[in-house]
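Here is how the chains run, residue by residue.
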Amino acid sequence: MSSMRTWDIFCTVVDNYGDIGVCWRLARQLAAEHGLTVRLWVDDLASFAKICPDIVTGRDSQHSHGVEVRWWREPFPAVSPADIVVEAFACNPPASYVAAMAARQPKPVWINLEFLSAENWVKGCHAFSSPHPVLPLVKYFFFPGFVAGTGGLLADRGLAQARDRFQRSAAEQASFWEALGVPAPRAGELQVSLFCYPHVGVAALLRGWAAGRTPVRCLAPEGTATEALSAFFAAKHIAPGAILRKADLEVRIFAFLDQDRYDRLLWACDLNLVRGEDSFVRGQWAARPLLWQIYPQEEGAHWPKLETFLGLYCQGLPAETAAAVTRFWLAWNKGDAMEVESAWFGFWEHRVELQAHALRWAEHLANTGNLANNLAQFCENLLK
Ligand code: TRH
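Criteria and cut-off values
Residues numbered from 1 in each chain as written. Predicted model: local features only at pLDDT ≥ 70, side-chain atom pairs only at ≥ 80, totals over all residues. Heavy atoms only, no water. Pairing = 2+ DSSP bridges. Helix = DSSP H or I, 4+ residues; strand = E, 2+ residues; numbered from the N terminus. Axes fitted to C-alpha atoms, helices over the stretch in contact; angles between N-to-C directions. Contact = heavy atoms within 4.5 Å. Salt bridge = Lys/Arg side-chain N within 4 Å of Asp/Glu carboxyl O. Buried < 20%, exposed > 50% of the residue type's maximum accessible area, 1.4 Å probe, protein only. Phe/Tyr/Trp six-rings, centres within 6.5 Å; stacked < 30°, edge-to-face > 60°. Lys NZ or Arg CZ within 6 Å of the ring centre and 35° of its normal.

Topic: the sheet that holds strand S8 (residues 138-142)
Taken in spatial order, the 8 strands line up as S3-S4-S2-S1-S5-S6-S8-S7 in an open sheet, and their pairing is mixed. For this open sheet the edge positions go to strand S3 (61-64) and strand S7 (128-131), each flanked by a neighbour on one side alone. Averaged over all pairs of adjacent strands, the angle between their axes in this sheet comes to 25°, without regard to strand direction. Sheet analysis places strand S6 (residues 109-113) next to S8, joined by 4 bridges and oriented parallel. If you follow Trp-110 over to S8, its bridge partner there is Lys-139. Lying on the sheet, helix H1 (residues 18-34) is in contact with strand S1 (6-11), strand S2 (37-42), S3, strand S4 (67-71), strand S5 (84-88) and S6; it crosses S1 at an angle near 170°.

With respect to the pattern of salt bridges
Scanning the entire structure with this criterion turns up 21 salt bridges. Arg-5 serves as the salt-bridge partner of Glu-380, at 2.9 Å between the closest nitrogen and oxygen. In this pair, Glu-380 sits in helix H15 (residues 371-383) while Arg-5 sits in the segment before S1, placing the two residues 375 residues apart along the sequence. What makes Glu-380 buried here is its relative accessible area of 8%. Between Arg-327 and Glu-339 there is a salt bridge, and its shortest N-O distance comes to 2.8 Å. Of this pair, Arg-327 sits in helix H12 (residues 319-334) while Glu-339 is found in helix H13 (residues 337-348), placing the two residues 12 residues apart along the sequence. Residue Arg-327 is classed as partly exposed on the basis of its relative accessible area, which comes to 34%.

A word on the pairing of strand S12 (residues 249-254)
Burial analysis of S12 places 6 of its 6 residues in the buried class, which makes it a mostly covered element. On S12, burial covers both faces: Leu-249, Val-251 and Ile-253 on one face and Glu-250, Arg-252 and Phe-254 on the other are all buried. Two strands pair when backbone bridges link them, and strand S10 (residues 216-221) and S12 are joined in this way by 6 bridges, in the parallel orientation. Pairing of Leu-219 across the sheet is with Arg-252, part of S12. Strand direction decides the pairing type here: strand S11 (residues 243-246) and S12, joined by 4 bridges, are antiparallel. Paired with Ile-243 across the bridge in S12 is Arg-252.

Observations regarding the packing of aromatic side chains
On inspection of all chains with the given rule, the structure shows 36 aromatic pairs. Between Phe-10 and Trp-72, the aromatic rings sit 5.1 Å apart at their centres with planes inclined by 80°, giving edge-to-face as the arrangement. Taken together, the residues Phe-10 in strand S1 and Trp-72 in the loop between S4 and S5 connect sequence positions 62 residues apart. A ring pair is formed by Trp-121 and Phe-143, whose centres lie 5.6 Å apart and whose planes are at 90°; its orientation type is edge-to-face. With a gap of 22 residues between them, Trp-121 in helix H4 (residues 121-125) and Phe-143 in the loop between S8 and helix H5 (159-168) connect regions that are remote in the sequence. In this structure Phe-143 comes out as buried when scored by relative accessible area, which is 6%. Through a chain of ring-to-ring contacts, the aromatic side chains of Phe-146, Phe-280, Trp-292, Phe-309, Tyr-313, Trp-329 and Trp-361 assemble into a single cluster. Just above the ring of Trp-71 sits the side chain of Arg-73; from NZ or CZ to the centre is 4.2 Å. Its guanidinium or amino end placed over the ring of Phe-232, Lys-246 lies 4.2 Å from that ring's centre, counting from NZ or CZ.

On their own, these measurements won't tell you what the molecule is for.
Shown next, in the form of structure tokens:
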């Protein structure tokens, strides 16, 4: 792979943090592990700054982690297109830039990085090419995925080793908690991270935790489940540093962490509630039991995605455990409050099996290759 190659990655932040979360991981990995010259164009630097505090809003150009970060806004500057152009999630690079791509010799490789889905059709569409209707350009559709024949998942080099070391090291964990400003976990206390979209299931789960026999400490980033938390704890002030308590349940609100520290939080917890795309993937790499809230789409388009993933994830689990996982995940995603509370107890009864399975699953994923390497290789083959 030629490290002289230049890459432009385009990212629009539609909502939340997943778009920039994925692009930022990809950009960093290409620069750090492949020595590539990467320029990342982002239209919303404020969202970016949440997950990467180095980022200064309002700045047209800046560098972080070996990546040139450009503020994507109109009028778009007249820049030379890179060798490889990645548009994330069909975000449409500016027309002037696309025209410059068409005029360039040799033509850039043009990639549309797609959303993650476990559905079977992904394998058939991965790496599919489509000629531009007017310009002499071809676009390739690159799909992340969980199985061979897809683009794989983003995973930085040495991820599993760093995670295993962290999870075995009491000292590393202690310094992580200390830096977070949170006391080390008490013996027997369940550590949970909570990252979800607003829905009524949250209050039900809080009720279940508060009513259970196991003490629970829940870590939630600012802005997550604020209404549910303030109603459940009758609290007005849900901001970083807040500590909310009821019975043996404690919820602590933290300010958004940068991505690497968020990963460590997932490694440090016994159970991770994740959402969308990127935290969902990182929850799997954490090798800990997880509960996923899928990004809800219009007309229920997300349900087949959720069900297909569940089918894949539950393979190899005893039938009773698979049923408990499925019941809990479906209840959570439906926001079925009654069901969430009772399904929680059924789910957590299987915690030993769930933990062993989470590790097996992460090992299985590691064997299917990682997205940044697959993408870099795919583009290099096209440029040859
Ligand atoms: O924020 P999200 O809901 O993003 C979503 C999804 O990606 C969805 O598929 C997409 O269509 C929609 O955005 C527009 O969830 P996600 O994908 O988990 O992204 C969150 C990012 O924030 C991820 O990179 C992890 C990061 N993060 C931190 O870096 N620090 C934190 O403290 C937290 C809580 C998250």
